[in-house]
Amino acid sequence: MSTSDATPVASSSDAHPRFAEALQELGLQVEVRRFPDATRTAVEAAAAIGCDLSQIVKSLIFEADGVPVLVLMDGSSRVDVELVRSELGAGKVGRARADLVRETTGYAIGGVPPFGHRTKTRVLADRGLLAHEVVWAAAGHPHAVFRLDPATLIELAGGTLVDVRERTA
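Quantities reported herein were computed from a predicted structural model and do not represent experimental measurements. (Residues numbered from 1 in each chain as written. Predicted model: local features only at pLDDT ≥ 70, side-chain atom pairs only at ≥ 80, totals over all residues. Heavy atoms only, no water.)

Visitor: Where do I start with the overall build of the protein chain in this structure?
Guide: Within the protein chain, the regular secondary structure consists of five helices and eight strands. Its C-alpha atoms give the protein chain a radius of gyration of 15 Å, near enough to 15 Å, the size a compact globule of 169 residues would have. Seen along its three principal axes, the alpha-carbon backbone of the protein chain occupies a region of about 45 × 35 × 30 Å. Going through the 169 residues of the protein chain one by one, you find that 50% of them count as buried. Surface exposure of the protein chain reaches about 8100 Å², of which carbon and sulfur atoms provide 48%. Mean positive and mean negative side-chain charge positions of the protein chain (18 and 22 charges, respectively) differ by 4 Å. (Helix = DSSP H or I, 4+ residues; strand = E, 2+ residues; numbered from the N terminus. Rg over C-alpha atoms; globule rule 2.2 N^0.38 Å. Buried < 20%, exposed > 50% of the residue type's maximum accessible area, 1.4 Å probe, protein only. Areas by Shrake-Rupley, 256 points an atom, 1.4 Å probe, with all protein chains shown as cover. Lys, Arg positive; Asp, Glu negative; His and termini not counted. Charge placed at Lys NZ, Arg CZ, Asp CG, Glu CD.)

Pasting the structure below:
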């Protein structure tokens, strides 16, 4: 695990309590930034942080044959659901409903971090995340984010590297 981007937590109250607990259990100290305005979307988060949109990690819950799966994708890309379906060998894949997201992760859409979830979920991480030295992800609610190198983030999430980014024509 790389700690090149690890810095003392700005304030334990900046992260969602469940996520702060997950960080503590992992022995990981990262800078958590809280913003007065929501960073619910990747565009809002990138603007607040002052980074490239592709440095934002979207933590998206899909339902594959009725089973939740987390897909980690860079903020400037869209998930190709057909590639996810193929990767999982599933019959049907679609975006999860808000109640399933909260039930599975313990967080609301817009604040789902890549790890520290209520339940153990299969994780697919798009290979494009590795193009950056540092990425930013939600810290448990729409007003807080943290930064980490992408390889460590994917490792902590238990992610499998895949290519599930929608290709533009």
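Still to come is the rest of the account.
Visitor: Please clarify how the pairing of strand 2 (residues 56–64) should be interpreted in this entry.
Guide: Consecutive residues of a regular strand have side chains that alternate between opposite faces of the sheet. Of all nine residues that make up strand 2, seven are buried, and the element is covered over most of its length. Where strand 2 meets strand 6 (residues 135–138), two bridges bridge the pair, whose relative direction is parallel. Residue pairing across strands places V57 opposite A137, the latter belonging to strand 6. Where strand 2 lies against strand 3 (residues 67–74), eight bridges are found, and the strand directions are antiparallel. (Pairing = 2+ DSSP bridges.)

Visitor: Would you explain the nonpolar core in this entry?
Guide: A general trend in soluble globular proteins is that nonpolar side chains are found buried together. Judged by nonpolar contacts, the single largest core of 29 residues is most densely connected at F19, V32, L72, F115, F146 and L153. The set of elements that each furnish at least two residues to this core consists of helix 1 (17–26), strand 2, strand 3, helix 4 (98–105), strand 5 (122–126), strand 6, strand 7 (144–148) and helix 5 (150–157). Setting aside anything within four residues of it in sequence, one finds L72 in contact with V57, K58, S59, P114, V123, L124, A125, D126, L129, L153 and A157. Core analysis: the second largest hydrophobic core is formed by 14 residues, L60, V71, V84 and V162 among them. (Core = buried A, V, L, I, M, F, W, Y, C linked by side-chain atoms within 4.5 Å. Contact = heavy atoms within 4.5 Å.)

Visitor: Please clarify how helix 4 should be interpreted in this entry.
Guide: In an α-helix, one turn spans 3.6 residues; hence positions three or four apart end up facing the same way. Those residues of helix 4 that sit buried are L100, V101, T104 and T105. The buried residues of helix 4 occupy an angular sector of 105° when the element is viewed end-on, so they sit on one face. Facing away from the buried side of helix 4, by more than 90 degrees, are the exposed residues A98 and E103. Where helix 4 is buried, its residues contact helix 1, strand 2 and strand 3. Taken from the residues just after helix 4, G106 is the one with a positive phi, measuring 90°. (Arc of directions from axis to C-beta.)

Visitor: Teacher, can you tell me more about the confidence of the model for the protein chain here?
Guide: Low-pLDDT stretches of the model should not have their predicted coordinates read in fine detail. Mean pLDDT for the protein chain: 89, with 92% of residues reaching 70 or above. Confidence over residues 1–12 falls short of pLDDT 50; this stretch has 23 contacts with residues more than four positions distant or in other chains. (pLDDT = per-residue confidence, 0-100.)

Visitor: Which parts of the structure should I look at to understand the pattern of salt bridges?
Guide: Any two side chains of opposite charge can pair, given that their charged atoms come close. Evaluation of the coordinates by the stated rule reveals eight salt bridges. The shortest N-O distance in the salt bridge between D74 and R165 comes to 3.6 Å. Taken together, the positions of D74 in strand 3 and R165 in the segment after strand 8 (159–162) put the pair 91 residues apart, joining distant regions of the chain. The exposure class assigned to D74 is buried, which follows from its relative accessible area of 5%. A salt bridge links R78 to E166; its shortest N-O distance comes to 3.4 Å. Of the two residues, R78 sits in the loop between strand 3 and helix 3 (81–88) while E166 sits in the segment after strand 8, which places them 88 residues apart along the sequence. Since its relative accessible area comes to 59%, R78 is described here as exposed. For E166, a relative accessible area of 33% gives the class partly exposed. Ionic contacts of the salt-bridge type, sharing partners, join the residues E63, R97 and D99 into one network. (Salt bridge = Lys/Arg side-chain N within 4 Å of Asp/Glu carboxyl O.)

Visitor: Help me out: how do you make sense of the environment of H132 in this one?
Guide: Mapped onto the fold, H132 is located in the loop between strand 5 and strand 6. Along the chain, H132 and D65 lie 67 residues apart, while their C-alpha atoms are 32 Å from each other. Setting aside chain neighbours within four positions, we find H132 in contact with S54, Q55 and P150. Of the polar contacts made by the side chain of H132, one reaches the side chain of S54; its length is 3.1 Å. (Polar contact = N/O pair within 3.5 Å; in protein donor to acceptor, adjacent residues only side chain to side chain.)

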